[in-house]
Structures are given as structure tokens and as C-alpha cells.
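As a plain string of letters, each chain reads:
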Amino acid sequence: MAALTLADIADEDDNNAFAAFRELVGPALWAVIVRDVHRAKPGTCACRPDRPPMFDAAHPIPGPLCQRCMDQWTPRLMDGFGRIRAALMGDVPTIAGGSNAGQEVRELIVVRDHLVTPEAEWQEAAVHGAMLCHPAFPGGISPEPPGWLRAVWAQLVHFPTAGRIVPTVRRESAAERGLPTRPEVAISTAEWAAPLRADPVGQNILIHFLLGLRDEITDPFSLPKMQLRFGLSERETDERLRRSLALLRRCNPDFYARAVAGPLAGRPGGVPDETGPDECIGDHVPSVEDSCAAEADADTARKAIIAELLPPVRPSDDGRVRDTHPDTHGDTHPDTHGDGYGRRENPGPRPKAVPSRTAPKSQPKTHPKSGRPGTWPKSRPDARMPGAGPGAAPPAPGSDAIREPGATREPGAAREAGVIREPVLNAVTVRLLKVIVDAAYGKKADVVAAFRRHLRLGEEEAEAEVGRFTRLVAGAGVCWVDVLLRGIDGYGVA
């Protein structure tokens, strides 16, 4: 039987054309696929990269074929053959996406043009196919391969396999074992996983751990990549992982059982002796003391968030409560020594106005009806309410500005004795909390840029504030902060 040449790929007979194409592309494609399958799941089969299933007497097949490797090889080989045959017929495939979307694939044009040249009539497909199998192809062999052969490798060997075989095999293996195939997608987008996204560092550590369990790595608890990425020690990384696992178990026990408890239970010697409540591994479930401490931390974080939202208040000389925010009547308190949130450090009494020595004294006015002397402005929007006086006790700060989620605010509820006006919320803090909650729920946003814009900080200062706010939201609970913001939506802000 005569050796198949490159020109046979352009033959009218599809069977003859496919045989020549398989001699050219099949061995190299098989070698790449088998190497990637063995890298994704070591020991999965006995397939050899140098023994492709060519189905002829010259290439005997050693033993039964691996179904996994065949499922990866056959569709890619057939798809490549269909693309080159379409190009030979004038229907060159086009680029699907990107800036060059809709343009014809240049490499396929180069291959097509070479297959119809006189040189292709004597060039054997198997000889050039062996060149493609070289591990260092295309840049590490000498002499340098021709341009059309590099185009064959790029479009028919490299493009169909690069970054595709390993994740595909690992997901298939996870599905066979009943594990979630894409845990990173669930943690990053699922509604139930919103609390896990409040701490981006903990979220990344958890995803890296879950992928390690899915891919059956030797020690999924060893996370040096996360330590280098976030600058954490081994102990800090382990603590964040434990907190994330405890929160995952609380948010979705079924997902925790399939993605964490199941794989760890199947590892020989990988399960600790003691177990926590609900048959979860004790090493990764907080104790009763830890749970009580977590509740106390949440209460502290919630109080801190409310303190961030409320403006500072101080009693005036007559016992009435004033705040440091400007009101609607021009009564402003300059925040020259504040901390960026409308709070003043050690606010003292408001300085009294010093009358000018040169200004003439104003003459006392009389009331138009009663004729009684005194100064009578046209309106006193901030006048003291009946019953208020120097001895009246000021209300607690924020008694009406923040209310429990779902509660309604009755008109005038904050107009207690001695109150100048209703306290208003810090608009900057409200916006920044909304940005963090939206990011926790998966909305794409540059949180650091938002902090820089609203607080007018540098990059490092903004990152520090983002970390502080993120810790508060994570400690208080994303759901709790979300309900709080929804409850005060539309309330007056400064």
C-alpha cells in the first residue's frame, strides 16, 4: 500500500482524506491528550503517548483502549478534519469572539494553500506527523519547521487541547464520585454562599481547598499558594480556612457534606477520630465556646456598624441634643478635626460669638400684635418643643435613626423632648456598606476605588479601610447588614 501524502487530505474521497489526516494529526493529538489525562488523574489508564490508536497493522494497539482518552481524542480529531475539509471547499472557519471576531482563521488558510501545492504530492503525512509529536515542537527542534506545519500544530493540536483536557477530566472524575464539579462557581455566584463572599481572602482559600479535594491532591490542607498570595502565615491561613468551612457548613449543610465531609471520609487516615455535631469533622466545626464567641463578635461588629452610620451627638448648653452635621437652616458644625465620617475628636462646647466692637447694637423689636419687646424671627424651625428645657434628659443617640429590620417609624417618633431634629445617617458610610454587600452577593465592583473616591484616600489607606469595613460586615453577617440597609433605604442621610 502506497504511503499517504499531504495531498490526499484534499482528495475527493472522504475515507482516503481522513486516513491521511489521521496520519498527520492523530499521533500528536493523542500524545498531548494522554499526557494531560495522566496529569489530571495519575494512574487512570495504561495508555501511552507514543502508541496512538491508528487501527492498522503498522500500529498494533496494546490491550484495550481507555474510554476516557478515546472520548477526548475522537471528537477533537473529527472536528479538526471537518474544519480543514471546509477550508478546502472555500468555507474557511471564522474566529468566534474577540476583537477579530468574524475574520477567517489565518492558519487554516495557510494549511489549505499548502495542501494543494505540487510539493504536497510527495510529502508523506506520517513523516510530518512524527515531527508534530516531538515534545519540543514547534520552537525547540532543528531545523525550524515550515510555517504550514506550525499552523497545523497551532490550529489542530494545540488550540483544541490547551487548558481544556485537565479541567475536563477532573470535573468528570468529580461527577463520577458524586462531588460538585464546579465548586468555585457555586461559592462565587450562589445566593446561599453570599456570607462566604464577605471575606474575599477566606473565599479564595476555601475555593482553593475545595478544588484540592475535588482533584484528589495529596494534602488539601497545605495551601502555600494562598500564603504567598495574601501574605499569611500557615496558622493564619488555617484559621481562615476553618472559619470558612464552619460558615459553609452553616450556609449549606448538603453542599458541605458532598464537597468536604464525603471526600475527607474516603481518604485513608484522613478523618480525625472525633466528630462534631451533625456528624461533621470536629477539627473543622467550632465548639460551643467558639460559637458563643462568634455570637459575641457578631454583636460587637453590629454595634460598630451602627456607630459608623450614626452621626455623633452632644448636648448643648440648654440641654438639647445637637449633632455635627449641617442642618437645612445653615447651622453647621465644621468638622476640621474629624475622622472622615463626620465624627469629631473630643468635641468641645461650641465657641460663642464675640460681638464686634464697631458694630452698632441692634434696637429691640416689638411684637406686631402684643407690642412686647424682644427679637422675633419669622420662623424658628429648630425651636425647642414644649416640655423641653435645660433639665430635660436628652434621648439616646440614634433612638430613631436605626430601627430593627421590618419595624415602621411613626411620624415624629424622634421628636422627643430636647431634640433639635431627627438624626440623619452618614451617607458615605451607607454607600460604602452597600458596595461591600453588593460585592459579597457577586456584583462586580472595584471596592477599593469606591473607598478612594468617597473618602479621598490613597491606595494603601483605602485598602486598609476596605479591610476594616469587610471585617465588620463579615463579623456582623452579610444578611444582617443587607436587611439593615434595606430598612434604612430612603431614610434621610447627610
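Relevant structure appears above.
Being a predicted model, the structure only gives us computed values, none of them experimental.

Caption draft 1: Structural detail: the overall build of the protein chain. Check the secondary structure of the protein chain and you find 16 helices and two strands. Counting all 494 residues of the protein chain, 39% fall into the buried class. Taking the intrachain contacts of the protein chain between residues at least 6 apart in sequence as the baseline, contacts between residues at least 24 apart amount to 62%. Accessible area of the protein chain: about 28100 Å², with a carbon and sulfur share of 53%.

Caption draft 2: Structural context of the packing of helix 10 (residues 234-251) against helix 11 (residues 253-265). Two elements in contact, helix 10 and helix 11, have axes whose closest approach is 5 Å; the angle formed by their N-to-C orientations is 125 degrees. By the angle between their directions, the pair helix 10 and helix 11 is classed as oblique. Contacts from Leu245, Leu248, Arg249, Arg250 and Cys251 in helix 10 reach Pro253, Phe255, Tyr256 and Val260 in helix 11. A class-by-class count of the residues in the contact of helix 10 with helix 11 yields seven nonpolar, no polar and two charged.

Caption draft 3: Molecular detail of the side chain of Arg214. Its location among the elements puts Arg214 in helix 8 (residues 200-214). Judged by relative accessible area, Arg214 falls into the buried class, the value being 8%. The contact partners of Arg214, leaving out residues within four places of it in the chain, are Arg170, Arg171, Ala174, Arg177, Leu179, Pro180, Thr181, Pro183 and Glu184.

Caption draft 4: Region of the structure containing the nonpolar core. With 46 residues, the main nonpolar core has Leu24 and Val25 as its most contacted residues. Going through the elements one at a time, helix 1 (14-40), helix 2 (67-88), helix 3 (106-115), helix 4 (125-132), helix 5 (147-161) and helix 6 (165-176) are the ones with two or more residues in this core. Looking at which element gives the most residues to this core, the answer is helix 1, with 14 residues. For Leu24, the contacting residues outside a window of four places in its chain are Leu6, Ile9, Ala125, His128, Gly129, Leu132, Leu149 and Val152. Grouped together as the second largest cluster of nonpolar side chains are 29 residues, Ile305, Val428, Ile436 and Val466 included.

Caption draft 5: Inspection of unusual backbone geometry at higher detail. Even without a glycine there, the phi angle at Glu216 is positive, about 60 degrees. Residue position: Glu216 is located in the loop between helix 8 and helix 9 (224-230).

Caption draft 6: Spotlight on the packing of helix 1 against helix 6. One can describe the packing of helix 1 onto helix 6 by two numbers: an axis separation of 8 Å at closest approach and a directional angle of 50 degrees. In this view, helix 1 runs oblique relative to helix 6, as classed from their interaxial angle. In terms of crossing hand, the pair formed by helix 1 and helix 6 is right-handed. Residues Ile33, Asp36, Val37, Arg39 and Ala40 of helix 1 touch helix 6, and the partners they reach there are Ile165, Val166, Val169 and Arg170.

Caption draft 7: Region of interest: the packing of aromatic side chains. This structure, assessed with the given rule, holds seven aromatic pairs. Ring centres of Phe209 and Phe221 lie 5.0 Å apart, and the angle between their planes is 50 degrees; on these two criteria the pair is classed as tilted. You can see Phe209 sitting in helix 8 and its partner Phe221 sitting in the loop between helix 8 and helix 9, a full twelve residues away along the chain. Here Phe209 falls in the buried class, since its relative accessible area comes to 0%. On the basis of relative accessibility, which here comes to 30%, the residue Phe221 falls in the partly exposed class. Over the ring of Phe159 we find Arg164; its NZ or CZ atom is 4.9 Å from the centre of that ring.

Caption draft 8: Structural context of the environment of Gly80. If you trace the backbone, Gly80 turns up in helix 2. Judged by relative accessible area, Gly80 falls into the buried class, the value being 6%.

Caption draft 9: Geometry of the side chain of Gln155. Relative to the assigned elements, Gln155 resides in helix 5. You can call Gln155 buried: its relative accessible area is 11%. In this structure the side chain of Gln155 is engaged in a polar contact, spanning 2.9 Å, whose partner is the side chain of Arg83.

Caption draft 10: Main features of helix 6. Under the 1.5 Å per step criterion, the end-to-end length of helix 6 is 17 Å for twelve residues, consistent within 8% with the ideal 16 Å. Of the positions making up helix 6, those classed as buried are Ile165, Val166, Val169, Ser173 and Ala174. Viewed along the axis of helix 6, the buried residues span an arc of 160 degrees, placing them on a single side of the element. The secondary structure elements touched by the buried residues of helix 6 are helix 1, helix 2, helix 5 and helix 8. Of the residues one or two after helix 6, Gly178 is the one with positive phi, at around 80 degrees.

Conventions adopted
- Residues numbered from 1 in each chain as written.
- Predicted model: local features only at pLDDT ≥ 70, side-chain atom pairs only at ≥ 80, totals over all residues.
- Heavy atoms only, no water.
- Helix = DSSP H or I, 4+ residues; strand = E, 2+ residues; numbered from the N terminus.
- Buried < 20%, exposed > 50% of the residue type's maximum accessible area, 1.4 Å probe, protein only.
- Contact = heavy atoms within 4.5 Å.
- Areas by Shrake-Rupley, 256 points an atom, 1.4 Å probe, with all protein chains shown as cover.
- Axes fitted to C-alpha atoms, helices over the stretch in contact; angles between N-to-C directions.
- Parallel < 35°, antiparallel > 145°, perpendicular 65-115°, else oblique.
- Nonpolar A, V, L, I, M, F, W, Y, C, P; charged D, E, K, R; others polar.
- Core = buried A, V, L, I, M, F, W, Y, C linked by side-chain atoms within 4.5 Å.
- Left-handed = near helix turned anticlockwise from the far one by under 90°.
- Phe/Tyr/Trp six-rings, centres within 6.5 Å; stacked < 30°, edge-to-face > 60°.
- Lys NZ or Arg CZ within 6 Å of the ring centre and 35° of its normal.
- Polar contact = N/O pair within 3.5 Å; in protein donor to acceptor, adjacent residues only side chain to side chain.
- Expected span 1.5 Å × (residues − 1).
- Arc of directions from axis to C-beta.

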